[in-house]
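Tertiary structure, described
Each chain, written out:
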Amino acid sequence: MLFGFPLLSLVIWLPILAGVAVLATGGDRNAPLARMIALVGSVAGFLVAIPLYTSFEPLTSTMQFVENHVWIERFNVHYHLGVDGIAMPLILLNAFTTPLVVIAGWEVITRRVSQYMGAFLIMSGIVNGVFSSLDAILFYVFWEASLIPMFLIIGVWGGPNRVYAAIKFFLYTLLGSLLMLVAFIYLYQVSEGSFSILEYHKLPLSMASQVLIFIAFLLAFAVKVPMWPVHTWLPDAHVEAPTGGSVVLAAILLKMGGYGFLRFSLPILPDASHQLAGMMIALSLIAVVYIGLVALVQADMKKLIAYSSVAHMGFVTLGFFLFNNYGLEGAMVQMVSHGFISAAMFLCIGVMYDRLHSRQIVDYGGVARRMPAFAAFFMLFAMANSGLPGTSGFVGEFMVIMASMKVNFWYAFLAATTLITGAAYTLWMYKRVIFGAVVHPAVEEMKDIGAREILVLTVLAVAVLGMGLYPLPLTEVMHTTVDDLLAHVARSKL
Amino acid sequence: MNFMLPNFAPAYPEIFLLVMVCGVLMADLAWGDKKPGTAYLLAQLTLFSCMLITFGTLQPGTVHTFSGMFVDDTLADILKMLVYITVSVVLAYSRTYISDRGILSGEFFSLALFATLGMMVMISASHFMTLYLGLELLSLSLYAMVALRRDSAGATEAAIKFFVLGALASGFLLYGMSMIYGATGSLDIASVTKAIEGGVISRGVLVVGLVFIVAGISFKLSAAPFHMWAPDVYEGASSAVVLFVGSAPKLAAFGFVMRLLVEGLGAMSGDWQGMLIILAITSMVIGNIAAIAQSNIKRMLAYSTISHMGFMLLGLIGANENGYSAAMFYVVVYVLMTMGTFGIIMLLSRAGFEADKLDDYKGLNRRNPWYAFIMLLLMFSMAGIPPTVGIYAKLSVLQAVLNAGYTWLAVLAVLLSLIGVFYYLRIVKLMYFDEPETDAVIAPKGDVKVLLSANGLAILAFGIFPQSLIALCTYAIQQSA
């Protein structure tokens, strides 16, 4: 443990300052400089986050790397940071993804480069803030602030229908989070003037108020995850967003919703969580089964992966509300693994889009003949997306299915259908795009991936395989936190 | 006969300002043609001196003078300071704009200073008559400022509407005051409070009087359903005047509400709370929904003002210090945002061109990323999105509402403000997502460049460190309670 050194602040503010520096390079004349600063800043952001893992104390569930300063005296708001075994992996995931996004946009983005790179770096810092805030208002500020860069990324660099998608993304998310704010202020009243999340964990609450607060939180987090039926913004946002935007959206921003359940809903409202677990499980299973079927019929590759994200995140929420060890840990593994896999899938689609400027499956066919190296990478990620053993996609899904088996056979049965539908939609898409004869002359022109793309995809491939074969480094840091969280949720607050 | 000279000290700033306004008029007559900037400089100098005088005469307690008609307390001092700063910035923003339109004359500045005097009197009034005098001095100056562009049909129409409706509202207010006088036998705020608390007077008469007073106040605040003048005045009057009308007078109006409703009729808070709730809800509904349909940014901002005033009123319904300081914070933040927004509008306007259509903001990010960024901050702040200061304004008020036990009202306010986010986002969309229609150069003068940048960054800086501003408002309210 590094006592006294404000490591978390550094992890938050270094990317933000680097982002401001990138913005300061100004117009596209200085684009090479902007790219350079962005790369250095994002890699530095990842490097400073590594001590969070190496100095992490896995045998305790108390908050680590804590910083606590009074921020707004009037409302007793604190600049209170700290991470546990749930938050720390997500911060690392975020810090890991940012350099990949910067590299992925290296040559592709030619318009307003500094603003593009700056937005990603600032967002990266903000999201680290979301995962490390221990004060409700601080959390809320980071949470909402993350909307602004993403809104601009979709709206400025997005596809033809980007305005609709950007505004839908913003308003959907805001609707939920405003109610969360009301819930926070309500808790502030009940706790007689505290915005400390850890205080809220101990705060006794009546059933009625727990249920109401649960619903307010649910709206905020369910939109973000997204859960059925409030998922409709996600396909729109993904389809219109530039590749980097889709990657961050799927890999990082969705995790904020999942994290919210673990940090707020479960520990603050244990009784309401148990009470409403049936509903949550039902919604999760609908996402897994129904959205999986919806993904099957998509003609647009990005939309297909977007729906597949919703289905995979269904596993995450399912795991949360089973209230057992396997479920929660599996959900966490699934979140991190989905971060890698969805990032890789969107990057692969981005690789093809950069060459052909189409995301329609029918416009492709026979890509393997022209791009063999790419086809190999894409194969690995498609397999991971369908949950093949040996890839990270398998571990989380398997753990959650095991956990649901303990609770109810039919939960497990329905959840397990994903092994069929997931394989079906991913591999069928892969087959139509990659194999077969070259039908379109444009495909004939496609060049295989270059060094930059190979670098990004290799890093992700290593992550996906590494986590699939040896998930222990990830699960061991969250063990104690998950156990203590479950013990906490099991205690009634009434 | 025993004649005692009153204590002038608490009113030094007002007296100084009055003398200086006459000076500005004279100076403009003498040198206005040769050196058109004279009046501007003198006005700025006056405001700066007023700031020094108020600062120099700061005292911790409450001092009454002029037989109890005038009061100087912490709330008054702080509000006046904010008014000076606001007016000073407004004049700086307006200078190029009004010079391009040929109204850079002594009249504009002397009217602005007269209006400032009116605001100061309102803020420091401790008698219904003083309140009314201050209000009328402010209102009459504003009517004249709106009408200053004689050749513009829109401005004249706006001025007439403003004047007729404003006179009506003043009538309401006077009528209400006369009923209070009838019931309590006094117009002095302290005596009125005492009489009401004594409890032997006819409640019916008091409540009827209160209804008229609240109606008059809502007109001045442009709270629905007494908001009709605002969109027309905002659209018709020149942007410089709209900025003036929309900024500092809101601070004065807050002072007015504090003196009249809280200090004077605080004992009847049970009666006016309900009225304010209705006003707040209608304002937020009408303001937010009507703003969506606008294609003129000034009209849109008028409706946005209406909804903001509704939100501010929510702070008052708790009828406690917590709520008052929340409302005061909201007003201060609102004024900061309005200044910046109209600063940008005037920045984009040129001689013979008003940037008042939403489409004029298309592609601003391409034309000038810095001012687009400032406008982005302002819009997100108005929408209440962190990390801008707007969120803390909303947070304070919502906290006060929940503290007063109105959970449903807080949820409703939040949902209505979600509607509001849409039209602020639309401006951001135009600036960032669309291509520019013109490539006219945006080149502000040095002082405007600095001020506007500082204004925009203040939105961000107070968004990250809101403590000082919140503490100031809390202090002002606590000291004067």
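Residues numbered from 1 in each chain as written. Chains lettered and ligands numbered in written order. Predicted model: local features only at pLDDT ≥ 70, side-chain atom pairs only at ≥ 80, totals over all residues. Heavy atoms only, no water.

Notes on the overall build of chain A
Counting its secondary structure elements, chain A contains 22 helices and 2 strands. Its C-alpha radius of gyration of 21 Å places chain A within 12% of the 23 Å reference for a compact globule of 494 residues. Over its C-alpha atoms, taken along the principal directions, chain A stretches across nearly 70 × 55 × 40 Å. Relative to its full complement of 494 residues, chain A shows a buried share of 66%. A fraction of 81% describes how many contacts in chain A between residues 6 or more apart in sequence connect residues 24 or more apart. Surface summary for chain A: the accessible area is close to 15,800 Å², and the carbon and sulfur share equals 69%. Side-chain charges of chain A comprise 24 positive and 25 negative groups, with the mean position of each set lying 9 Å from the other. (Helix = DSSP H or I, 4+ residues; strand = E, 2+ residues; numbered from the N terminus. Rg over C-alpha atoms; globule rule 2.2 N^0.38 Å. Buried < 20%, exposed > 50% of the residue type's maximum accessible area, 1.4 Å probe, protein only. Contact = heavy atoms within 4.5 Å. Areas by Shrake-Rupley, 256 points an atom, 1.4 Å probe, with all protein chains shown as cover. Lys, Arg positive; Asp, Glu negative; His and termini not counted. Charge placed at Lys NZ, Arg CZ, Asp CG, Glu CD.)

A short note on the pairing of strand β1 (residues 64-72) of chain A
Residues and elements named next belong to chain A. Here 6 bridges tie β1 to strand β2 (residues 77-83), and the two strands are oriented antiparallel to one another. Bridging from a neighbouring strand, glutamate 67 pairs with leucine 81 of β2. Counting the residues in the hairpin turn of β1 and β2 gives 4 residues, including asparagine 76, whose phi is positive at 55°. (Pairing = 2+ DSSP bridges.)

Things to note about the side chain of A:Ser124
Residues and elements named next belong to chain A. Checked against the element boundaries, serine 124 lands in helix α4 (residues 113-132). Accessibility expressed as a relative area gives 6% for serine 124, which makes it buried. Setting aside anything within four residues of it in sequence, one finds serine 124 in contact with Pro15, Asn94 and Thr98.

Digging into the confidence of the model for chain B
Within chain B, residue pLDDT values average 88, and 99% of them lie at 70 or more. We note a pTM of 0.91 for the whole complex and an ipTM of 0.86 for its interfaces. (pLDDT = per-residue confidence, 0-100.)

Some remarks on helix α14 (residues 301-320) of chain A
A rise of 1.5 Å per residue sets the reference length of α14(A), with its 20 residues, at 28 Å; its end C-alpha atoms lie 29 Å apart and thus fit the reference within 8%. Here α14(A) starts with a cap whose side-chain oxygen sits 2.9 Å from the backbone nitrogen of A:Lys302, and that cap is A:Asp300. (Expected span 1.5 Å × (residues − 1). Polar contact = N/O pair within 3.5 Å; in protein donor to acceptor, adjacent residues only side chain to side chain.)

A closer look at the interface of chain B and chain A
Taken together, the contacts link 39 residues of chain B with 34 residues of chain A. Taking both sides of the interface into account, the surface hidden between chain B and chain A amounts to around 3,400 Å²; carbon and sulfur atoms contribute 77%. Across the chain B-chain A interface, the total number found is 1 salt bridge. For B:Glu435, the salt bridge goes to A:Arg112, with nearest N and O atoms at 3.8 Å. The interface formed by chain B and chain A includes 8 residue pairs in polar contact (both at pLDDT 80 or more). Of all the secondary-structure elements, those providing two or more residues to the side of chain B that touches chain A are α14 (321-348), α15 (364-367), α16 (369-383), α17 (390-403), α18 (407-433), α19 (446-464) and α20 (467-480) of chain B. (Buried area = accessible area lost by both parts, 1.4 Å probe. Salt bridge = Lys/Arg side-chain N within 4 Å of Asp/Glu carboxyl O.)

Considering a nonpolar patch on the surface
A contiguous nonpolar patch, built from B:Phe3, B:Leu5, B:Phe8, B:Tyr12, B:Ile15 and B:Val19 and spanning about 640 Å² of accessible area, is present on the exposed surface. Summarising the element assignment, B:Phe3 is placed in the segment before α1 (12-31). (Patch = residues over 30% accessible without salt bridge, like charges linked within 9 Å, V, L, I, M, F, W, Y side chains within 5 Å.)

Re the state of the cysteines
By definition, a disulfide links the sulfur atoms of two cysteine residues through a covalent bond. Residue and element names in this part refer to chain B. In this structure the tally under the stated criterion is 0 disulfides over all chains. Cysteine 50 supplies the cysteine sulfur nearest to cysteine 22, a cysteine that is in no disulfide, at a spacing of 13 Å. For cysteine 50, a relative accessible area of 0% translates into the label buried. (Disulfide = S-S within 2.5 Å.)

Quick look at the side chain of A:Thr25
Residues and elements named next belong to chain A. Structurally, threonine 25 can be placed in the loop between α1 (7-24) and α2 (31-54). Among the residues examined, threonine 25 registers a relative accessible area of 9% and is labelled buried. Within the structure, threonine 25 has its side chain in polar contact with the backbone oxygen of valine 22 (distance 2.6 Å). The residues touching threonine 25, leaving out its near neighbours within four places in the chain, are Asn30, Leu33, Ala34, Ile37 and Ser114.

Looking at the pattern of salt bridges
Oppositely charged side chains are able to pair whenever their charged atoms sit close together. All names here are of chain A. Under the definition given, this model contains 21 salt bridges over all chains. One salt bridge connects glutamate 107 with arginine 452, and the closest N-O pair in it is separated by 3.3 Å. Separated by 345 residues along the polypeptide, glutamate 107 in the loop between α3 (87-104) and α4 and arginine 452 in helix α21 (residues 451-469) bring together distant segments of the chain. With relative accessibility at 55%, the residue glutamate 107 sits in the exposed group. Arginine 452 gets classed as buried once you look at its relative accessible area, which sits at 18%. Across the salt bridge formed by arginine 452 and glutamate 453, the nearest N and O atoms sit 3.9 Å from each other. Given the relative accessible area of 11%, glutamate 453 is considered buried.

Notes on the UniProt feature "domain: NADH:ubiquinone oxidoreductase chain 4 N-terminal" (unreviewed entry) in chain A
In the UniProt entry, the feature "domain: NADH:ubiquinone oxidoreductase chain 4 N-terminal" (unreviewed entry) is given for residues 52-124 of chain A. Overall, residues 52-124 of chain A shows 45% helix and 22% strand. The separation of its end C-alpha atoms is 16 Å. (UniProt positions renumbered as here; feature names shortened; annotations may be inferred.)

Re the nonpolar core
Core analysis: the largest hydrophobic core is formed by 396 residues, its most contacted members being A:Phe217, A:Phe374 and A:Phe381. Counting residues per element, this core draws most heavily on α14(B), which supplies 20 residues. The contact partners of A:Phe381, leaving out residues within four places of it in the chain, are A:Ile341, A:Ala344, A:Met345, A:Cys348, A:Leu457, A:Leu460, A:Ala461 and A:Val464. (Core = buried A, V, L, I, M, F, W, Y, C linked by side-chain atoms within 4.5 Å.)

Examining the environment of A:Val223
Residue and element names in this part refer to chain A. For valine 223, the location among the structural elements is in helix α9 (residues 207-224). In this structure valine 223 comes out as buried when scored by relative accessible area, which is 2%. Sequence separation of valine 223 and arginine 263 is 40 residues, and the distance between their C-alpha atoms is 16 Å. The contacts of valine 223, once residues within four sequence positions are left out, are Tyr172, Thr173, Leu218, Val230 and Trp233.

Looking at the packing of helix α13 (residues 277-296) of chain A against helix α19 (residues 409-434) of chain A
Residue and element names in this part refer to chain A. Their axes nearest at 9 Å, the elements α13 and α19 cross at an angle of 25°. What the angle tells us is that α13 and α19 run roughly parallel. Note that α13 runs across α19; the crossing there is left-handed. Here Ile281, Leu285, Val288, Val289, Gly292, Leu293, Ala295 and Leu296 of α13 come into contact with α19, specifically with Tyr411, Leu414, Ala415, Thr417, Thr418, Thr421, Ala424, Tyr425 and Trp428. (Axes fitted to C-alpha atoms, helices over the stretch in contact; angles between N-to-C directions. Parallel < 35°, antiparallel > 145°, perpendicular 65-115°, else oblique. Left-handed = near helix turned anticlockwise from the far one by under 90°.)

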